[in-house]
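Here are the chains, one letter per residue:
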Number of protein chains: 2
Amino acid sequence: MTLDARGGRPPTLSDVARLAGVSQSTASRVVNGSARRVDDGYRERVLGAARQLGYAPNIAAQAVARGASHRIALITGGIADAYFSAMTAAIMNAAEEIDLRVSLAVSSRRTERELELVRELRGEQPRAIILAGTGYTDSRSDPAVEAELLRYQETGGRVVLISRTDMPFETVYFDNFEGARRLAVEMVARGYRSPLLLGSDLPLRSMQERIDGFTAGFAEAGIAIPPSRVLRPGFHWDGARELLATLDDDVLASADLVFAVTDVLALGALNGLRERGIETPGRIGVAGFDDITTLRDVVPPLTSVHVPLDEVAAEAIHRATAAPEDLRRRVIPTHPVVRASTPPR
Amino acid sequence: MTLDARGGRPPTLSDVARLAGVSQSTASRVVNGSARRVDDGYRERVLGAARQLGYAPNIAAQAVARGASHRIALITGGIADAYFSAMTAAIMNAAEEIDLRVSLAVSSRRTERELELVRELRGEQPRAIILAGTGYTDSRSDPAVEAELLRYQETGGRVVLISRTDMPFETVYFDNFEGARRLAVEMVARGYRSPLLLGSDLPLRSMQERIDGFTAGFAEAGIAIPPSRVLRPGFHWDGARELLATLDDDVLASADLVFAVTDVLALGALNGLRERGIETPGRIGVAGFDDITTLRDVVPPLTSVHVPLDEVAAEAIHRATAAPEDLRRRVIPTHPVVRASTPPR
DNA sequence: TTGTATGCGTTATCAC
DNA sequence: GTGATAACGCATACAA
C-alpha cells in the first residue's frame, strides 16, 4: 500500500483534505495556523492525514497566495572569505530567530554580477534585499544596480546596505574611525611609536576611515604618521604577505608595528614578516581589524578591533523588517581587543 | 509620472501585457523563452514594456505554474567553518553553471535541526536535496531524517550525500584512505619515522579511513603505528591546539610528525606546538587533510591531502540532476600535496 | 466553525 | 503566431 495519493508527486493540501474528509479550507487552516480555530476532532484528522502522507506545504504556492514571502535576500561578496562567511552566518542566525529564510547570493565582488543578482532576487519577492559591503564597489557602484534597487524599493521592497555608503538606502554602519583611533591610543600606551599602515588599494570609504582613525589616535600623542608609511597592498591575504616579504629593509627597520585595515591583511602581513625571518611580535607587532573568530586565534593571537557582527546582523534584519518609523540611524560601535600580537614595548 | 501600473506592488505580467497591448500569453512567451516564436514587433514592445515597468518574473508563481523549481537545497554543517565554506562555495559555483539556485541551510551539526530543515526545504520543492557531511552524524543519523528524505525521494525528489555514508542515498565520496596512504608514503620517503596521529573523537567513517590509510602507508615501510600514538582531540581547532599544548613531553619527544585528519585540526596542532615553544617544522613536521585554500597558506605552508572540491561539487550537482541511468558510483580521488610544513628529515 | 468560490502570477493547452 | 481559458497549490472573503 502506497501512501501518496498521486504517484510520484508530492502530496498537496487537497490530498490531505480528501484523506481527512474535510474541505481544503479547513485543512489549510490547521496546517498554517490561521486566526480561525478548528474543531479538535477535525484538527486531529487533518494532522493525521498530513503525517500519513508526509505532507509539506508548498512554499511557492503559499507565497503566491499570500502575495508575500518569508524570505530576505542577502548579496554578499563571497562565502569562501572569512569575513563574509562570518557576516553571512551572523545574518542567517539573526534571520532564523524571526523565522525568515535567507536567500544567499554571491556577487564574487563583480558589479555586473551584482546587477544580475538583484534582478534575479527581485523575482523571489523577498521582504528585503541586504547587500553586505563587497569591498570593491564601495565608492563606485553601478548606477544600474542602484536603479534596480530603487525599483524594488518603490514596489514595496526594503533595501539594506551593510558597511557601504555608495547608495542612498538604509545603511548599517559601524564605527571604523573610532575603533581604529582607540586601537591606536592603546598601541601608543603600549609603547609603539612607529607604525606601518596597510590600507587597501581600492577607494573604499570604510577602509580609509580605519586609516584615518588610526592616524588620529597617534596624532593625539603627538606622533604624526607620514603618508609614506601608509602602504596599499592588494586587497587580499597574499598581497599583504608579498608586500611585507619584499619591503625595503630600511622601511621595515624603523617600524615597530604593522596595522592592517582587515584581519585577513594582518595575517598576510604576519606571514610575510615570518617568511622574511622577522620575529613577531618580538621585533614588530601586528594588529588588524574585524576580529574574525576564525582568524584571530593564531600564534600569536591577533590584536584587532572587534566588530560585533551579531549586532550588525540584528540591526540589518531589524532595518529589513521593522516599520519605517522605528528606524533611527545608528552607528554600531567597535572596540579594540589587545592580544599577544602587540606586547608592550 | 509614476511607472508602476499599480501603486506599491511589483508589476506583474498582466501589467506588462497591458502596456504592450498584447495578451498575457504572448508576454509570457517573450519573457521566459518558450518554444514558440513571437513576432519581432510584438517581442520588442513586450520587452520595452517590461523594461519600462521594471518587471521581474515572480519566481514563486513560475514554480507553481511549472510544477517544478530551479532550485536545489544544500544542508551544510556551518558556514563560518572553513571546510564547509569552501564546499558551499564550490557547490554554488557548480549549480550556477547550469542555472540552478541554491537554497542554503545550516544544520550547525545538530541532528534535530537537520530534521527541521529537511521538512522546511521539502516545501520549496527543490530538484534535489544535498547534504554535505556534517561531521557529526556520519554514523548515527536520525531515522526520522532518513524517513523524511525517503518520502521526498518517493515523490520525485533526488537526495545526494557528500562524504557521508549513513543513509541509503546517492553518495559522492572521496578516497580518504588512498589519499592518506599516499601522503604517508611521501612522509616516509622524506625521512619521517615516528608520526603522531590526530583523529576525531567522533565515530566518523571518513576520518577513520584517513587514519587507516595513513597507518597503512607507514606499514608498507615496515613501520607500525601503535594505537597509543593515535590521539583524538575534540573535533575543532581549539581541541587540537590544547591537546598539543598540554601533551606529555615524552610522547612528543619521540615524534617527528603530526598528521591530523583535517586541516583545521592540523592548524590547531601547529599553534599548540608553537605555544609550547616547539619549533615547526624544524623539530616536528605537520600535515593535514582537505587542502582548504584559506587554511593552507600559513607559515610554513601546510602539507595536506588535496580534495578536489570543485570536482566533488560538480559530481554532486550531476547526481542531483542527471537521469538515473547516467549514474555510476564513482569515488573522487585525492592526492597528497607536500609543502614546507614537512621538510625532508 | 465549516465549506464554497475566487484570486494570487504564471505556464500550458487548446482553438483560432 | 496569437489569444482565451484552464490549470498549478494555496489562502481567504464570504456565505452557510
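Structure shown above.
Residues numbered from 1 in each chain as written. Chains lettered and ligands numbered in written order. Predicted model: local features only at pLDDT ≥ 70, side-chain atom pairs only at ≥ 80, totals over all residues. Heavy atoms only, no water.

A few words on the relation of the copies chain A and chain B. Of the transformation superimposing chain A on chain B, the axial component is 0.0 Å and the angular component is 180°, with the fit at an RMSD of 0.1 Å. Here the symmetry operator amounts to a two-fold rotation axis. Judged by C-alpha distance, Ala-60 of chain A is the residue of chain A that lies nearest the rotation axis, at 2.3 Å. When the interface residues of chain A are mapped onto chain B, 100% of them again lie at the interface, so the same face is used by both copies. (Least-squares fit on C-alpha atoms with pLDDT ≥ 70 in both. Contact = heavy atoms within 4.5 Å.)

Residues and elements named next belong to chain B. In terms of burial, strand β4 (residues 158-162) is largely enclosed, as 5 of its 5 residues are buried. With burial as the criterion, each face of β4 is covered, one bearing Arg-158, Val-160 and Ile-162 and the other bearing Val-159 and Leu-161. Of the strand pairs in this sheet, strand β3 (residues 128-132) and β4 are connected by 5 bridges, and their pairing is parallel. Bridging across to β4, Leu-131 finds its partner in Leu-161. Direction of pairing for β4 relative to strand β5 (residues 170-174): parallel, over a ladder of 3 bridges. Each bridged residue has a counterpart across the sheet, and for Val-160 the counterpart in β5 is Glu-170. (Buried < 20%, exposed > 50% of the residue type's maximum accessible area, 1.4 Å probe, protein only. Helix = DSSP H or I, 4+ residues; strand = E, 2+ residues; numbered from the N terminus. Pairing = 2+ DSSP bridges.)

Moving on to the sheet that holds strand β6 (residues 195-198) of chain B. Think of a sheet as strands paired side by side through backbone hydrogen bonds, with each pair either parallel or antiparallel. Residue and element names in this part refer to chain B. As summarised here, the arrangement of the 4 strands in space is β7-β6-β8-β9, forming an open sheet in which the pairing is parallel. The open sheet has two edge strands with one neighbour each: β7 (230-231) and β9 (285-287). Strand direction decides the pairing type here: strand β8 (residues 257-260) and β9, joined by 3 bridges, are parallel. Across the sheet, residue Val-258 finds its bridge partner in β9, namely Val-286.

In this section: the packing of aromatic side chains. Applying the stated rule across the entire model yields 8 aromatic pairs over all chains. Put simply, the rings of Phe-214, Phe-218 and Phe-259 of chain A pair up and form one aromatic cluster. Its end group placed over the ring of Tyr-173 of chain B, Arg-205 of chain B keeps NZ or CZ at 5.3 Å from the ring centre. Here Arg-210 of chain B stacks its cationic end above the ring of Phe-289 of chain B, 3.8 Å away from the centre of that ring. (Phe/Tyr/Trp six-rings, centres within 6.5 Å; stacked < 30°, edge-to-face > 60°. Lys NZ or Arg CZ within 6 Å of the ring centre and 35° of its normal.)

Let us now look at the nonpolar core. In terms of nonpolar packing, the biggest core is built from 160 residues, with Ile-130 and Phe-214 of chain A together with Ile-130 and Phe-214 of chain B touching the most fellow members. Dropping the residues within four chain positions of it, Phe-214 of chain A is found in contact with Ala-180, Arg-181, Leu-183, Ala-184, Met-187, Pro-195, Leu-197, Ile-225, Leu-257 and Phe-259 of chain A. (Core = buried A, V, L, I, M, F, W, Y, C linked by side-chain atoms within 4.5 Å.)

All names here are of chain B. Structurally, the position occupied by Arg-319 is in helix α14 (residues 309-321). Among the polar contacts listed, one links the side chain of Arg-319 to the side chain of Glu-315, at a separation of 2.4 Å. Not counting the four nearest positions on each side in its chain, Arg-319 is found in contact with Arg-158, Val-160, Glu-170, Thr-171, Val-172, Leu-327, Arg-328, Arg-329 and Arg-330. (Polar contact = N/O pair within 3.5 Å; in protein donor to acceptor, adjacent residues only side chain to side chain.)

Neighbouring DNA strand D are 29 residues, the closest being Leu-13 and Tyr-55 of chain A together with Thr-26, Arg-29 and Asp-39 of chain B. Side-chain polar atom of Gln-62 of chain A to a phosphate oxygen of DNA strand D: 2.7 Å apart, as the coordinates give it. Here a phosphate oxygen of DNA strand D sits 2.5 Å away from a polar atom, N or O, in the side chain of Thr-26 of chain B. Elements with a minimum of two residues in the surface near DNA strand D: α2 (24-32) and α4 (59-66) of chain A together with α2 (24-32) and α4 (59-66) of chain B. For the surface near DNA strand D, the class distribution of residues is 11 nonpolar, 10 polar and 8 charged. (Near = heavy atom within 4 Å. Nonpolar A, V, L, I, M, F, W, Y, C, P; charged D, E, K, R; others polar.)

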